[in-house]
Amino acid sequence: MSNRIWLDVSAGIFATVSDEDYQWALRWKWQITWDRHKRKAYATRSTTGPGQRRYKLYLHKEVLLRTMKLPPSDRHTMGDHGDGNSLNCERWNLEWATPSQNRRTARTARRPEPAPEIAF
C-alpha cells in the first residue's frame, strides 16, 4: 500500500512511499524540487552539513539507503524510478542506476496510452 507524503497540500502534490517508510518520512517537511528542465518534480528536504553548509536530500535516494541496498558500483549514484514517476518513492519502484542507465530508462518509461478516439 502506498502512503502520501504531502509536498504542497494546496496544490494537491504528494510523493508516495511504502508502509515501511511512512512514519520515518513524516519526521521531516518535504518540498518540491524541479529538475533543470522543469519537467519532473522530486521530493526533497534541506539539511545542514559540515561547516553549516546547506544541501538537499532526495526522498527516493533516502528510501534506497533505508532499504540497505548498496549501489552495485561507485558509478551507481542515481536513484531510478522504474515507472518513470519521480514522485513514486515506493521501495518496489526504486533501483540504483548509473547516469547513462537513468537516461535510458527516462526515455523508455511507460507512459499512459491516449484514450481511443470514438467516432460518432
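Please refer to the structure placed before this passage.
A short tour of the structure in this document, coming up. What you see is a predicted model, and the numbers here were worked out from it, not measured in a lab. (Residues numbered from 1 in each chain as written. Predicted model: local features only at pLDDT ≥ 70, side-chain atom pairs only at ≥ 80, totals over all residues. Heavy atoms only, no water.)

### Description of the packing of aromatic side chains
Enumeration over the complete set of coordinates arrives at 5 aromatic pairs. Ring plane angle 70° and centroid distance 5.1 Å describe the contact between Trp24 and Trp28, whose orientation is recorded as edge-to-face. On the numbers, 6.3 Å between centres and 80° between planes, the contact of Trp28 with Trp30 is edge-to-face. When its relative accessible area of 28% is taken as the criterion, Trp28 is described as partly exposed. If you follow Arg45 out to its NZ or CZ, it ends over the ring of Trp28, 4.0 Å from the centre. (Phe/Tyr/Trp six-rings, centres within 6.5 Å; stacked < 30°, edge-to-face > 60°. Buried < 20%, exposed > 50% of the residue type's maximum accessible area, 1.4 Å probe, protein only. Lys NZ or Arg CZ within 6 Å of the ring centre and 35° of its normal.)

### Some points on the environment of Arg4
In this structure, Arg4 sits in strand β1 (residues 2-8). The exposure class assigned to Arg4 is partly exposed, which follows from its relative accessible area of 44%. In sequence terms Arg4 and Cys89 are 85 residues apart; their C-alpha atoms lie 10.0 Å from each other. With near-sequence residues (within four places) excluded, Arg4 lies in contact with Phe14, Ala15 and Tyr22. (Helix = DSSP H or I, 4+ residues; strand = E, 2+ residues; numbered from the N terminus. Contact = heavy atoms within 4.5 Å.)

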